[in-house]
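Observations on the model geometry
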Amino acid sequence: MSMLYKPAAEGKDVLPPKVGPTSYLGDIFTSNAVPEDQITCGFFKQVAGEPLVYTYTYDEMKVILEVDGTFNITDETGYSVDAKQGDVFYFKKGCTITFKATGGHGYAWFCGLKQNGVL
């Protein structure tokens, strides 16, 4: 089989596993490449409360699917964006990013050069 499929009920419409006090991330698919060349995609949700500060050990891209309230994304240099639906972000390996939702949540699809289950 050359194509894999997950209906919305098994992907976007399900809250991903909790990875922090107000942060959720769930891997959906991982390529069959050798571990150091695998790409993984899934969904990320940040809800209001404690921000998530994360240092990337891999390159990743996020597409913002929905925002309720304010979803702020800031890098270690202080560059800050209030993300909106449809925005696309690229996080380089080694950067430190702070994700903060105020008054609701931010929800994104991601794809990164990482193995399944790696945070």
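This write-up is about the structure you can find in this document. (Residues numbered from 1 in each chain as written. Predicted model: local features only at pLDDT ≥ 70, side-chain atom pairs only at ≥ 80, totals over all residues. Heavy atoms only, no water.)

Focus on the packing of aromatic side chains
Counting across every chain of the model gives 8 aromatic pairs. For the pair F44 and F99, a centre-to-centre distance of 5.0 Å together with 55° between the ring planes defines the contact as tilted. Residue F44 is found in strand β3 (residues 40–47), and its partner F99 is found in strand β8 (residues 96–112); the two are separated by 55 residues along the sequence. The two residues F44 and F99 agree in class, both being buried. (Phe/Tyr/Trp six-rings, centres within 6.5 Å; stacked < 30°, edge-to-face > 60°. Helix = DSSP H or I, 4+ residues; strand = E, 2+ residues; numbered from the N terminus. Buried < 20%, exposed > 50% of the residue type's maximum accessible area, 1.4 Å probe, protein only.)

Details of the nonpolar core
If you look at the biggest cluster of nonpolar residues, it comprises 17 residues, and the most contacted ones within it are Y56, I73, F91 and F99. Contributing elements (two or more residues each) for this core: β4 (52–55), β5 (60–75), β7 (88–91) and β8. With 4 residues, β8 is the single largest residue contributor to this core. Every residue in contact with I73, bar those within four places of it in the chain, is listed here: I64, Y79, S80, V81, A83, F89, F91, I97, T98 and F99. (Core = buried A, V, L, I, M, F, W, Y, C linked by side-chain atoms within 4.5 Å. Contact = heavy atoms within 4.5 Å.)

Let's talk about the pattern of salt bridges
In total, this model carries 2 salt bridges according to the counting rule given. Here K114 makes a salt bridge to D27, at a shortest N to O gap of 3.1 Å. Taken together, the residues K114 in the segment after β8 and D27 in strand β2 (residues 23–30) connect sequence positions 87 residues apart. We classify K114 as buried; its relative accessible area is 3%. Put simply, K62 and E60 hold a salt bridge, and the shortest N to O gap is 2.4 Å. Residue E60 is classed as buried on the basis of its relative accessible area, which comes to 1%. (Salt bridge = Lys/Arg side-chain N within 4 Å of Asp/Glu carboxyl O.)

Here's the deal with the pairing of β7
Residues of β7 alternate between two faces, with F89 and F91 buried on one and V88 and Y90 left unburied on the opposite face. Alignment of β5 against β7, held across 4 bridges, turns out to be antiparallel. Opposite K62, over in β7, you have F89 as the bridge partner. (Pairing = 2+ DSSP bridges.)

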